[in-house]
Every structure is written in C-alpha cells, then in structure tokens.
Amino acid sequence: MTTAVSLAWLTYLVGMTALWGMAAGAEVGGVVGCFVLTVTGGLAALAALAFAPGVRRLTVPGRLFLTGLLACPVPTGFAIAAWVQVF
C-alpha cells in the first residue's frame, strides 16, 4: 500500500509538471517518458525477482512479503523528498 500511494503521488507530480510545462510551451515528452520507463523497469525487476527459482520456492505470503519489502523504500523515499521540496 505504501508503494502504491508513493507511486500515485509521484505520478500526480510528474503529470502536473508535464501539464504546466506543456502550457508554457516546453517539451515534456522526455520527462514523462523517463518516468514511465523507470516505473516499468522497476515493475519488471520486481516481477523477475518474484518468479526467480529461489524465491519461487517460498510460500506465496513469503514471496509477497519479500517483494513488498524490496519495492517500498525507493518510491517512498522519492515521494518524501518530492513532498518536502514541493511543500
């Protein structure tokens, strides 16, 4: 849940930045593309980890706990840093 809320905040922030940038006439495709590729890469890495042979032998709750534990810190750290910078 923490990861989803953090990603929602970051997506909102990138979306609003892109909207304001487009209104000002700036090129924002690179920023949005970089954000989408970063999120997609992170999801792909977590999916690869969840289906790795060593992790796949774990029980389903254990596998979900491991992927949740690894998924949480990075977007949450970025979301907190962005929150502090914005407000």
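Source: prediction; values computed, not measured.

Topic: the packing of helix α4 (residues 60-71) against helix α5 (residues 73-86)
In helix packing, the relevant descriptors are the interaxial angle and the interaxial distance, both defined with respect to the helix axes.
Step number 1: For the pair α4 and α5, the least separation of the axes is 5 Å and the interaxial angle reads 30°. Overall, the two elements α4 and α5 adopt an arrangement that is roughly parallel. Taken together, the residues of α5 that come into contact with α4 (itself represented by Leu69, Leu70 and Ala71) are Pro73, Val74 and Pro75.
Step number 2: Partitioning the contact of α4 with α5 into residue classes produces six nonpolar, no polar and no charged.

So, the nonpolar core
Across soluble globular proteins, you tend to see nonpolar side chains buried next to one another.
Step number 1: Trp9, Leu10, Val14, Phe35, Ala79 and Ala82 together form the largest nonpolar core, which totals six residues.
Step number 2: Elements with a minimum of two residues in this core: α1 (2-24) and α5.
Step number 3: Ranked by the residues each element gives to this core, the list is headed by α1, at three residues.
Step number 4: Here Trp9 is in contact with Ala79, Ala82, Trp83 and Phe87, once residues within four sequence places are set aside.

A few points about the packing of aromatic side chains
Step number 1: The tally for this structure, following the rule as stated, stands at two aromatic pairs.
Step number 2: Considering the side-chain rings of Trp9 and Tyr12, the 6.0 Å spacing of their centres and the 35° angle between planes classify their relative orientation as tilted. Here the residue Trp9 and the residue Tyr12 both occupy positions in helix α1, the gap between them amounting to three residues, near one helical turn.
Step number 3: A network of ring pairs unites the aromatic residues Trp9, Tyr12 and Trp83 as a single cluster.

Remarks on the confidence of the model for the chain
Close inspection of predicted coordinates is inappropriate for parts of the model with low pLDDT.
Step number 1: For the chain, the average pLDDT comes to 88, and 100% of its residues sit at 70 or higher.
Step number 2: Here α5 is the element of the chain with the lowest mean pLDDT, 85, and α1 is the one with the highest, 90.

Calculation rules
Residues numbered from 1 in each chain as written. Predicted model: local features only at pLDDT ≥ 70, side-chain atom pairs only at ≥ 80, totals over all residues. Heavy atoms only, no water. Axes fitted to C-alpha atoms, helices over the stretch in contact; angles between N-to-C directions. Helix = DSSP H or I, 4+ residues; strand = E, 2+ residues; numbered from the N terminus. Parallel < 35°, antiparallel > 145°, perpendicular 65-115°, else oblique. Contact = heavy atoms within 4.5 Å. Nonpolar A, V, L, I, M, F, W, Y, C, P; charged D, E, K, R; others polar. Core = buried A, V, L, I, M, F, W, Y, C linked by side-chain atoms within 4.5 Å. Buried < 20%, exposed > 50% of the residue type's maximum accessible area, 1.4 Å probe, protein only. Phe/Tyr/Trp six-rings, centres within 6.5 Å; stacked < 30°, edge-to-face > 60°. pLDDT = per-residue confidence, 0-100.

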